[in-house]
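One letter stands for each residue in the lines below.
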Amino acid sequence: MIQMNVEFDYPELPMKFKLNIAKGERVAVIGESGSGKSTLLNLIAGFELANQGEVYLAGQNHTHTQPADRPVSMLFQDNNLFPHLTVSQNIGLGLTPSLRLSQSQNNKVEEIAYQMGIADFLSRRADKLSGGQKQRVALARTLLRDKPIFLLDEPFSALDPIRREELQELVYTLCIQKNLTLLMVTHQFDEVKQLFTSVIQVENGNIV
Ligand SMILES: Nc1ncnc2c1ncn2[C@@H]1O[C@H](COP(=O)(O)OP(=O)(O)OP(=O)(O)O)[C@@H](O)[C@H]1O
């Protein structure tokens with residue numbers, strides 16, 4: 001599902017990533033701060049472009065394609081919700097940049113909200129939610145895009161251990177249900193070992 005062999009240079013750190021991940025794998029990405037974990041995810045999502053080499057996703061060459069054209073959805077640590085919009089509007093932005101949704105789009109929003117346990121909050125403003133609820137909304141919006149590769153960059157590290165466990169279980173269930181290929185940067189690997197099928201360690205811009 002993900003095949004890449006690329007070189008990428010920030011002035012501080014030349015990086016080289018070689019990776020081959022099969023469909024349905026759930027991979028933990030671990031490593032010290034500044035080792036290159038976020039950069040690896042950004043190269044897959046297309047927010048950074050390789051200086052050399054190629055990125056194949058779902059069998060297609062995506063080395064030079066835009067993030068929106070890649071079969072990838074990515075969730076960052078900061079969930080980037082619009083505070084003044086409702087939960088339903090924030091989720092809907094995963095489907096269309098317009099705030100006006102069709103009936104079938106509305107149905108999709110309600111369905112995913114129900115699955116994520118946030119159906120009761122659909123009309124509430126995002127800034128009136130707890131941290132865990134916000135992350136569920138952000139997850140719902142990301143998943144609504146229905147892409148087969150799912151990238152999570154330490155999305156739950158700011159939450160308390162119980163909320164974190166709840167969301168990790170939710171991610172696991174969604175990965176199984178939708179047969180997603182997951183790469184997740186985590187600093188709490190010991191807590192969540194059972195979520196993953198494999199683990200890669202990044203050190204000084206390389207996978208070791
Ligand atoms: N926009 C940028 N411009 C220049 N250098 C950058 C940029 N972003 C990151 N770097 C450098 O690239 C290296 C890897 O950064 P990256 O964010 O990928 O690390 P990380 O493993 O995700 O770290 P953390 O766990 O702290 O989030 C670091 O040395 C960093 O200084």
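Refer to the structure above for everything that follows.
These notes cover the structure that comes with them. (Residues numbered from 1 in each chain as written. Predicted model: local features only at pLDDT ≥ 70, side-chain atom pairs only at ≥ 80, totals over all residues. Heavy atoms only, no water.)

## Describing the site of the ligand
Logical step 1: With respect to spatial proximity, the complete set of residues near the ligand consists of Tyr10, Leu13, Met15, Glu32, Ser33, Gly34, Ser35, Gly36, Lys37, Ser38, Thr39 and His187.
Logical step 2: In this structure, an oxygen atom belonging to the ligand sits 2.7 Å away from a side-chain N or O atom of Lys37.
Logical step 3: Side-chain polar atom of Thr39 to an oxygen atom of the ligand: 2.5 Å apart, as the coordinates give it.
Logical step 4: At the level of secondary structure, the elements contributing two or more residues to the shell around the ligand comprise strand E2 (13-21) and helix H1 (37-45). (Near = heavy atom within 4 Å. Polar contact = N/O pair within 3.5 Å; in protein donor to acceptor, adjacent residues only side chain to side chain. Helix = DSSP H or I, 4+ residues; strand = E, 2+ residues; numbered from the N terminus.)

## Regarding H1
Logical step 1: With respect to burial, H1 is a largely interior element, eight of its nine residues being buried.
Logical step 2: By the burial criterion, the buried members of H1 are Lys37, Thr39, Leu40, Leu41, Asn42, Leu43, Ile44 and Ala45.
Logical step 3: Of the residues flanking the end of H1, it is Gly46, one or two places downstream, whose phi is positive at about 95°. (Buried < 20%, exposed > 50% of the residue type's maximum accessible area, 1.4 Å probe, protein only.)

## Considerations on helix H5 (residues 161-178)
Logical step 1: With 18 residues, H5 should cover 26 Å at 1.5 Å per step; its first-to-last C-alpha distance of 26 Å lies within 8% of that length.
Logical step 2: Looking at H5, one finds that the buried residues are Arg164, Leu167, Gln168, Leu170, Val171, Leu174 and Cys175. All buried residues of H5 project into a common sector of 160° when viewed along the axis, lining one side. Turned more than 90 degrees away from the buried face of H5, the exposed residues are Pro161, Ile162 and Gln177.
Logical step 3: On its buried face, H5 sits against strand E3 (26-30), helix H3 (103-115), helix H4 (131-144), strand E7 (149-153), strand E8 (181-185) and helix H6 (189-192).
Logical step 4: Of the residues flanking the start of H5, the one acting as N-cap is Asp160, its side-chain oxygen 3.0 Å from the backbone nitrogen of Ile162.
Logical step 5: Once H5 ends, the next one or two residues include Asn179, with phi positive near 50°. (Expected span 1.5 Å × (residues − 1). Arc of directions from axis to C-beta. Contact = heavy atoms within 4.5 Å.)

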